[in-house]
Amino acid sequence: MKRKLIVAVSVVGMMAGLAACGNGDDGKAKADAGPKEITVWVMDGSAPKAWIDAVNAEFSAKHPGVTVKVETQQWKGIQEKVTTALSEDTPPDVLELGNTQTAGYAVTGGLAELTKDKAKLGADAWAKGMLASAEIDGKLYSAPWYAANRVVVYDKKAYAKAGVTPPTTRDEWVAGLEKLKAADPKSQPIYLPGQSWYVLAGFVWDEGGDLATKDGDKWKGGLATPQAASAMEFYKKLQSFSTAPKDKDEATPQQSTDIVPKGGVASWIGLGWEAGGAEKALKDAGKEADFGYFPIPGKTADKPGTVFLGGSNLAIAERSKNKDLAKEWLALAAGKDQMTKYAAETKGALLPNQVGANFAPPAGSFAEAMAKAGANGKITPVTPGWANVETEPNPIKDFMTKVLNGTDPAKAGAEADTEIAKRINK
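Because the structure is a prediction, the values reported are computed rather than measured.

K.L.:
So what exactly am I meant to see when it comes to the confidence of the model for the protein chain here?
P.N.:
Low-pLDDT stretches of the model should not have their predicted coordinates read in fine detail. Mean pLDDT over the protein chain: 91, with 92% of residues reaching 70 or higher. In the model, residues 1–34 has pLDDT below 50 throughout and makes 79 contacts with residues more than four positions away in sequence or in other chains.

Written out as structure tokens, the structure is:
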């Protein structure tokens, strides 16, 4: 699936007024004589037709007379559209939301609370890393649906020439990069821009830290900490093997289509759609694409490095007139049987919400590496204000560039934390 997954955006401002709308109808199915219908919003590219048809067929068989109207939405402008829809009397009953967007809609009253429905929805089976994005203060507001994460993409020929095999620890990773540098001084052992902050986030989590933490009723940044300093020290070591700019991220220029196809890159860190894009760009240029993949290594071989899980959740509108039916549909769609079919339909390009539903990808594939890495996945702090942190200029990116250019991590971290606290507590 060659499209970018969710990029967190600010939803708090756009959600103004939802809380004042009230809960409206209690959501229970009305006993009327006419046929019933529930509306489901999914994003373009998220729900394979064969899968969504199968879900709806099973649902309709269990609920004769009830039809499911599926409406495909586009990512561009979706926040405004969802905000408007949730404030109206006839919103979609079930809707897909980016996992970093869910909190913003929940705290303003737009989403139905599902805490009491956990057993019905099968929440015990959901991956904990994905579940975190669906809960706020211990209350459930959505079901995790799918996610994806980054892995290391490497040039098999370059690795073979240098005598390097896929590493399983950080030390092995660095040692391999040194061998690659010695084997071909003109090439980059790894392409790593200075501001790939999702990669840094994993290193911070590996150290036991976080990008921000709750401090009473407020949030505070977590970059002026020993954990963040250690994470940046390792990032700086990796970045020293790259000639990538210290003040740009992986999309500026786009690493998969603007950098890798030019050659001279032995490895890089990317998502599945990026790997596919790089392969296509190489083939279009008449070059061979022979990539291998491995999870970002952890400190020890028993567990890969922590990775950011970007993806989507399925929620129910608080003002839905068909909450009970919507919950039935959600339980079916997010359950093990249908999620297993979903994983098979997407051929491992996306991770389902539970390990038991994982697709068995081909050995050596991107999907195999992603699944291994995804088992140790996390998300950014779950609070509506986090979206404000990610807007440009991103203070985490600024922190990274400053440290890479020689600023003391504690000093750069304190400056970043001031800005993070200002934004996240808006």
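K.L.:
Mind showing me how you'd approach the packing of helix H9 (residues 197–206) against helix H10 (residues 226–239) here?
P.N.:
Each pair of packed helices gets described by two things: the angle between the helix axes and the distance between those axes. Interaxial distance between H9 and H10 falls to 8 Å at its minimum, and their mutual angle equals 130°. The angle between H9 and H10 places the two elements in the oblique class. Of the two elements, H9 crosses H10, and the hand of that crossing is right-handed. Contacts between H9 and H10 involve Val199, Leu200, Phe203 and Val204 from the former and Ala228, Ala231, Met232, Phe234, Tyr235 and Leu238 from the latter. Its residues placed into classes, the contact of H9 with H10 shows ten nonpolar, no polar and no charged.

K.L.:
It is not clear to me how the pattern of salt bridges should be interpreted in this structure. Could you clarify?
P.N.:
If the charged atoms of two oppositely charged side chains come close together, the side chains can form a pair. For the structure shown, the criterion picks out 20 salt bridges. Salt-bridge contacts for arginine 319 lead to aspartate 89; the nearest nitrogen and oxygen are separated by 2.3 Å. Remark: aspartate 89 occurs in the loop between helix H3 (78–86) and strand S3 (94–98) and arginine 319 occurs in the loop between strand S13 (310–316) and helix H13 (323–333); sequence separation between them is 230 residues. We classify arginine 319 as buried; its relative accessible area is 11%. Here glutamate 415 ties to lysine 402 by a salt bridge, and the two come within 2.7 Å at their closest N and O atoms.

K.L.:
How do you make sense of the nonpolar core when you look at a structure like this?
P.N.:
Nonpolar side chains tend toward joint burial in soluble globular proteins. Judged by nonpolar contacts, the single largest core of 106 residues is most densely connected at Trp173, Leu200, Phe203, Tyr235, Trp329, Ile396 and Phe399. When residues in this core are grouped by element, the largest group, eight residues, is from H9. When sequence neighbours within four positions are dropped, the list of residues in contact with phenylalanine 399 reads Leu200, Leu223, Met232, Pro409, Ala412, Gly413 and Ala416. Listed in part, the 16 residues of the second largest apolar core include Val82, Ile136, Tyr141 and Ala315.

K.L.:
How should I be thinking about the sheet that holds strand S11 (residues 291–294) in this particular structure?
P.N.:
Strand pairs in the sheet, formed through backbone hydrogen bonds, run parallel or antiparallel to each other. Across the sheet, which stays open at both edges, the three strands sit in the order S10-S7-S11 with antiparallel pairing between neighbours. Where the open sheet ends on each side, the last strands, each with one partner, are strand S10 (267–270) and S11. Each strand of the sheet is rotated relative to its neighbour by a mean of 30°, with strand direction disregarded. Bridge count for strand S7 (residues 151–155) against S10 is four bridges, and the pairing is antiparallel. For valine 151, the partnering residue across the bridge sits in S10 and is glycine 270. Contacting S7, S10 and S11, helix H15 (residues 366–374) runs over the sheet at an angle of about 145° to S7.

K.L.:
Honestly, the environment of tryptophan 173 in this entry has me stumped. Any pointers?
P.N.:
Residue position: tryptophan 173 is located in helix H8 (residues 170–183). Residues tryptophan 173 and lysine 49, 124 residues apart in the sequence, show an inter-C-alpha distance of 41 Å. If we skip the residues at most four places from it in the chain, tryptophan 173 touches Val152, Pro167, Ile190, Phe203, Phe234, Leu238, Ile269, Phe294, Ile296 and Pro297.

K.L.:
Would you mind showing me how to read the environment of threonine 168 here?
P.N.:
Here threonine 168 is to be found in the loop between helix H7 (156–162) and H8. Judged by its relative accessible area of 40%, threonine 168 falls in the partly exposed class. Taking C-alpha positions, threonine 168 is 18 Å from valine 204, a pair spaced 36 residues apart along the chain.

K.L.:
In this structure, what is going on with the packing of aromatic side chains? I would like to understand it.
P.N.:
Each aromatic ring pair is described using two quantities: the centre-to-centre distance and the angle formed by the ring planes. Under the defined criterion, the tally for this structure stands at 16 aromatic pairs. For the pair tyrosine 159 and phenylalanine 294, a centre-to-centre distance of 6.4 Å together with 50° between the ring planes defines the contact as tilted. Of the two residues, tyrosine 159 is situated in helix H7 and phenylalanine 294 in strand S11; the sequence distance between them amounts to 135 residues. Summarising the burial analysis for this pair, tyrosine 159 and phenylalanine 294 share the class buried. Grouped by ring-pair contacts, the aromatic residues Trp51, Trp145, Tyr146 and Tyr342 constitute a single cluster. Across from the ring centre of tryptophan 41, 5.4 Å away, lies the NZ or CZ of lysine 81, which sits over that ring. The ring of phenylalanine 234 has arginine 170 lying over it, and the distance from NZ or CZ to the ring centre is 4.2 Å.

Rules used throughout
Residues numbered from 1 in each chain as written. Predicted model: local features only at pLDDT ≥ 70, side-chain atom pairs only at ≥ 80, totals over all residues. Heavy atoms only, no water. pLDDT = per-residue confidence, 0-100. Contact = heavy atoms within 4.5 Å. Axes fitted to C-alpha atoms, helices over the stretch in contact; angles between N-to-C directions. Helix = DSSP H or I, 4+ residues; strand = E, 2+ residues; numbered from the N terminus. Parallel < 35°, antiparallel > 145°, perpendicular 65-115°, else oblique. Left-handed = near helix turned anticlockwise from the far one by under 90°. Nonpolar A, V, L, I, M, F, W, Y, C, P; charged D, E, K, R; others polar. Salt bridge = Lys/Arg side-chain N within 4 Å of Asp/Glu carboxyl O. Buried < 20%, exposed > 50% of the residue type's maximum accessible area, 1.4 Å probe, protein only. Core = buried A, V, L, I, M, F, W, Y, C linked by side-chain atoms within 4.5 Å. Pairing = 2+ DSSP bridges. Phe/Tyr/Trp six-rings, centres within 6.5 Å; stacked < 30°, edge-to-face > 60°. Lys NZ or Arg CZ within 6 Å of the ring centre and 35° of its normal.

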